[in-house]
Amino acid sequence: HLNLLKFLDQDTYLLATQQKHLLAAEACAYEAGNATARRSAYVFRSPSEGLLLRLSRFFDESLRWVPNRARVLEAMGGAAIAFAATPSREFVLDRYSQHTAICPDSRGLVRNC
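Residue positions are given per chain, counted from 1 along the sequence in the order it is written. Predicted model: local features are reported for residues with pLDDT of at least 70 only, side-chain atom pairs are reported and counted for 80 or more only, and whole-chain, interface and lining totals are derived from all residues. Based on all heavy atoms of the structure, the side-chain values leave hydrogens and waters out of the count.

Novice: I tried to follow the overall build of the protein chain on my own but got confused; where do I start?
Specialist: Scanning the protein chain from terminus to terminus reveals seven helices and zero strands. We take the radius of gyration over the C-alpha atoms and set the globule estimate at 2.2 Å times the residue count to the 0.38 power. For a compact globule of 113 residues, the expected C-alpha radius of gyration is about 13 Å, and the protein chain comes in at 18 Å, more than 25% above that figure. The buried label applies to any residue whose accessible area, calculated with a 1.4 Å probe on protein chains only, is under 20% of its type's maximum; exposed applies above 50%, and partly exposed to all values in between. Buried residues in the protein chain amount to 22% of all 113 residues. Considering only intrachain contacts with a sequence separation of at least 6, the fraction spanning at least 24 residues in the protein chain is 64%. With an accessible surface of roughly 8500 Å², the protein chain has 60% of that area assigned to carbon and sulfur atoms. His is not counted, nor are the chain ends; Lys and Arg add positive charge and Asp and Glu add negative charge. Where a charge sits is defined by one atom per residue type, namely NZ (Lys), CZ (Arg), CG (Asp) or CD (Glu). Side chains of the protein chain give 14 positive and 11 negative charges; the mean places of these two sets differ by 3 Å. Working definition: helices are DSSP H or I runs of at least four residues, strands are E runs of at least two. Numbering for both runs from the N terminus. Pairs of residues are marked as contacts when any of their non-hydrogen atoms sit within 4.5 Å. Under the convention used here, a 1.4 Å probe and the Shrake-Rupley method define accessible areas, while residue burial counts only the protein chains that appear.

Novice: Just to check I follow, could you spell out the packing of aromatic side chains for this structure?
Specialist: The description of an aromatic ring pair uses the distance of the two centres, along with the angle that the planes make with each other. Put simply, two rings from Phe, Tyr or Trp (the six-membered ring, in Trp's case) pair if the centres are within 6.5 Å, and we call them stacked under 30 degrees between planes, edge-to-face over 60, tilted for the rest. Considering all chains together, one arrives at one aromatic pair under this definition. Aromatic pair Phe-58 and Phe-59: ring centres 5.8 Å apart, planes at 50°, arrangement tilted.

Novice: Where do I start with a nonpolar patch on the surface in this structure?
Specialist: Patches draw on residues past 30% relative accessible area with no salt bridge. Two like charges within 9 Å are joined, as are two nonpolar side chains (Val, Leu, Ile, Met, Phe, Trp, Tyr) within 5 Å. Salt bridges are defined as contacts in which a side-chain nitrogen from Lys or Arg sits within 4 Å of a carboxyl oxygen from Asp or Glu. A contiguous nonpolar surface patch, about 360 Å² in accessible area, is contributed by Leu-52, Leu-55, Phe-58 and Phe-59. Tracing the chain through its elements places Leu-55 in helix 3 (residues 50–62). In this structure Leu-55 comes out as partly exposed when scored by relative accessible area, which is 40%.

Novice: When you look at the nonpolar core in this model, what are you seeing that I'm missing?
Specialist: Nonpolar side chains in soluble globular proteins generally cluster together in the buried interior. Listed in full, the six residues of the largest apolar core are Leu-23, Ala-24, Ala-27, Leu-73, Ile-81 and Ala-82. Counting residues per element, this core draws most heavily on helix 1 (residues 2–32), which supplies three residues. In contact with Ala-24, other than residues within four places in its own chain, are Gly-78, Ala-79, Ile-81 and Ala-82. Side-chain atoms within 4.5 Å are what join buried Ala, Val, Leu, Ile, Met, Phe, Trp, Tyr and Cys residues into a set we call a nonpolar core.

Novice: So what exactly am I meant to see when it comes to the pattern of salt bridges here?
Specialist: Pairing between side chains of opposite charge can happen when their charged atoms approach one another. Taken as a whole, this structure holds one salt bridge when the rule is applied. Note that Glu-26 and Arg-69 form a salt bridge whose closest N and O atoms lie 2.8 Å from each other. On the criterion of sequence distance, the pair formed by Glu-26 in helix 1 and Arg-69 in helix 4 (residues 69–75) is long-range, its members being 43 residues apart. According to the relative accessible area criterion, Glu-26 is buried, its value standing at 4%. In this structure Arg-69 comes out as partly exposed when scored by relative accessible area, which is 23%.

Novice: Explain the side chain of Thr-17 to me, please; I cannot follow it from the model alone.
Specialist: Mapped onto the elements of the fold, Thr-17 is located in helix 1. A 3.5 Å cut-off defines polar contacts: any pair of N or O atoms within that distance qualifies, except that in protein one atom must be a possible hydrogen donor and the other a possible acceptor, and neighbouring residues in sequence count only when both atoms are side-chain atoms. Polar side-chain contacts of Thr-17 include one of 2.8 Å to the backbone oxygen of Leu-14.

Below, the structure is given as structure tokens:
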């Protein structure tokens, strides 16, 4: 568990801070009738990023078909999502509530200590 958690912590906070910007770009794309929110938000330059490019195309093409996706984005504030408060680093990396409290192995280890 610990080695995996150290690895995940490297990008977790970065992803948490950037999520609102991507959701705002997606909301703007819905409003404009455009389906390329991710392709316009990221630049894929390396040939090794081919998988990420295909995944981004998949999301752009399929998320618009998710029931109520546009309505939920609009309810969240639409393009104004980008101005929402960024969660604190402590909240994002709160390992106890995100993992220990729900993992039987970790709860057993804490109980036995």
